[in-house]
Amino acid sequence: MSSLLIILCVLSIIGASFGVFYGFGLAGIAAMPRADIESALAATGFGSEPQLVDQMLLLADMWPWFIAFNAIELVGVIMLLRKAYAGFHVYAASQVGLAGLMVISVGFSGALLSILWNALWVMLYFNVLRKAPLDDGRGDNEPGGSAD
């Protein structure tokens with residue numbers, strides 16, 4: 001297994017773990033009254049713009065999906081560490097889901113950076129797996145191949 005793949009997996013596990021915890025934070029925000037959110041935003045210097053509060057509440061209302069897609073990312077990365085190519089597809093699906101949540105909550109133009117970031121990580125995994133295939137010692141884990 002490539003050392004770059006291991007580094008990507010470790011960084012993804014850290015990021016997805018933080019994502020799961022952030023999802024629980026979003027659940028807390030979703031339970032807060034709107035006035036409390038507006039005053040918290042004003043205290044942080046973001047002001048209390050109604051559009052920003054609406055976007056935050058919309059994202060907070062999607063907290064179960066946010067946790068689910070980050071947990072799916074963790075599953076995909078663990079599958080890759082266990083030398084299963086299907087983990088790449090699980091990981092890629094989670095990235096599409098996370099980008100979709102951002103598009104739903106802030107619109108396409110606001111989510112463009114998130115989409116590009118997710119696409120970058122999927123391409124990094126794709127290139128690493130293409131250049132250094134997983135080898136479990138049995139010779140039956142080639143990408144696109146089948147066990148004979």
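Conventions we followed
- One numbering rule holds for all chains: residues counted from 1, following each sequence as written.
- Two thresholds apply to this predicted model, a pLDDT of at least 70 for residue-level local features and 80 or more for giving and counting side-chain atom pairs, whereas whole-chain, interface and lining totals are computed over all residues.
- Heavy atoms throughout the structure, all of them, feed into the side-chain values; hydrogens and water do not.
- Put simply, DSSP marks the helices as runs of H or I at least four residues long and the strands as runs of E at least two long, and each gets a number from the N terminus on.
- Burial classification: accessible surface area is computed with a 1.4 Å probe over protein chains only, and a residue below 20% of its type maximum counts as buried, one above 50% as exposed, and the rest as partly exposed.
- Between two residues, a contact is recorded if the distance between any of their heavy atoms is within 4.5 Å.
- All accessible-area figures derive from a Shrake-Rupley calculation using a 1.4 Å probe, and residue coverage is judged against the displayed protein chains alone.
- Paired rings are identified among Phe, Tyr and Trp, the last through its six-membered ring, by centres lying within 6.5 Å, and are further divided according to the angle between planes into stacked (under 30 degrees), edge-to-face (over 60) and tilted (the rest).
- Of the two site types, the cavity is a set of points on a 1 Å grid over the protein atoms alone where a 1.4 Å probe fits but cannot get out, and the pocket is an open set with protein on both sides within 12 Å along at least five of seven lines, each lined by residues with an atom within 4 Å of a point.
- Grid points are joined across faces, edges and corners, and a volume is the space filled by probe spheres set on the points.
- In this classification, Asp, Glu, Lys and Arg are treated as charged, Ala, Val, Leu, Ile, Met, Phe, Trp, Tyr, Cys and Pro as nonpolar, and every other residue, Gly included, as polar.
- Under the convention used throughout, the expected extent of a helix is 1.5 Å for every residue step, that is, one less than its residue count.
- Bend at a given residue is defined as the angle between two axes, one fitted to the seven residues that end at that position and one fitted to the seven that begin there.
- The term nonpolar core refers to a set of buried residues drawn from Ala, Val, Leu, Ile, Met, Phe, Trp, Tyr and Cys, joined through side-chain atoms within 4.5 Å.
- Each patch is built from salt-bridge-free residues with over 30% relative accessible area, joining like charges within 9 Å and nonpolar side chains (Val, Leu, Ile, Met, Phe, Trp, Tyr) within 5 Å.
- Salt bridges are identified by distance alone: a Lys or Arg side-chain nitrogen within 4 Å of an Asp or Glu carboxyl oxygen.

Q: Tell me about the overall build of the protein, residues and numbers included.
A: When helices and strands are tallied, the protein shows five helices and zero strands. Along the protein, helices and strands appear, N-terminal first, in the series α-α-α-α-α. For the protein, buried positions account for 32% of its 148 residues. For the protein, contacts bridging at least 24 residues in sequence account for 69% of all contacts bridging at least 6. A total accessible area of about 8,600 Å² is found for the protein, and carbon and sulfur atoms account for 69% of it.

Q: Quick rundown of the packing of aromatic side chains? Include the residues and the values.
A: Evaluated as defined, the whole model comprises five aromatic pairs. Look at Tyr91 and Tyr125: their rings are 4.5 Å apart centre to centre, the planes differ by 55°, and that puts the pair in the tilted class.

Q: Which residues make up the layout of surface pockets, and what are the values?
A: Its boundaries defined by the atoms lining it, the largest pocket holds a volume of some 350 Å³. Counting residues per element, the lining of the largest pocket draws most heavily on helix H5 (residues 86-131), which supplies eight residues. A breakdown of the residues in the lining of the largest pocket according to their chemical character gives eight nonpolar, seven polar and one charged.

Q: Go over H5 with me, naming the residues and quoting the values.
A: Under the 1.5 Å per step criterion, the end-to-end length of H5 is only 17 Å for 46 residues, more than 12% shorter than the ideal 68 Å. Along H5, the sharpest change in direction is near 130° and occurs at Gly107.

Q: How would you explain the nonpolar core if you had to name every residue and give the values?
A: Counting 15 residues, the largest nonpolar core has Leu5, Leu80, Tyr125 and Leu129 as its most contacted members. Of all elements in the fold, only helix H1 (3-30), helix H4 (63-81) and H5 reach the threshold of two or more residues within this core. Among the elements that take part in this core, H5 stands out by supplying eight residues, more than any other.

Q: So, a nonpolar patch on the surface: which residues are in play, and what are the values?
A: Side chains of Met1, Leu4, Ile6, Ile7, Val10, Leu11, Ile14, Phe18, Phe21, Phe24, Trp63 and Leu81 sit close together on the surface and give an oily, nonpolar patch of about 1,100 Å² of accessible area. Breaking the nonpolar patch down by element, the ones donating at least two residues are H1 and H4. In terms of residue count, H1 provides more of the nonpolar patch than any other element does, nine residues in total. Here Met1 lies in the segment before H1. Relative accessible area serves as the criterion here: at 39%, Met1 is assigned to the partly exposed category.

Q: Which residues make up unusual backbone geometry, and what are the values?
A: Phi angles above zero are rare outside glycine, and Lys83 is one such case at about 70°. Among the secondary structure elements, Lys83 is positioned in the loop between H4 and H5. According to the relative accessible area criterion, Lys83 is partly exposed, its value standing at 29%.

Such coordinate-based values are descriptive only and should not be taken to indicate function.
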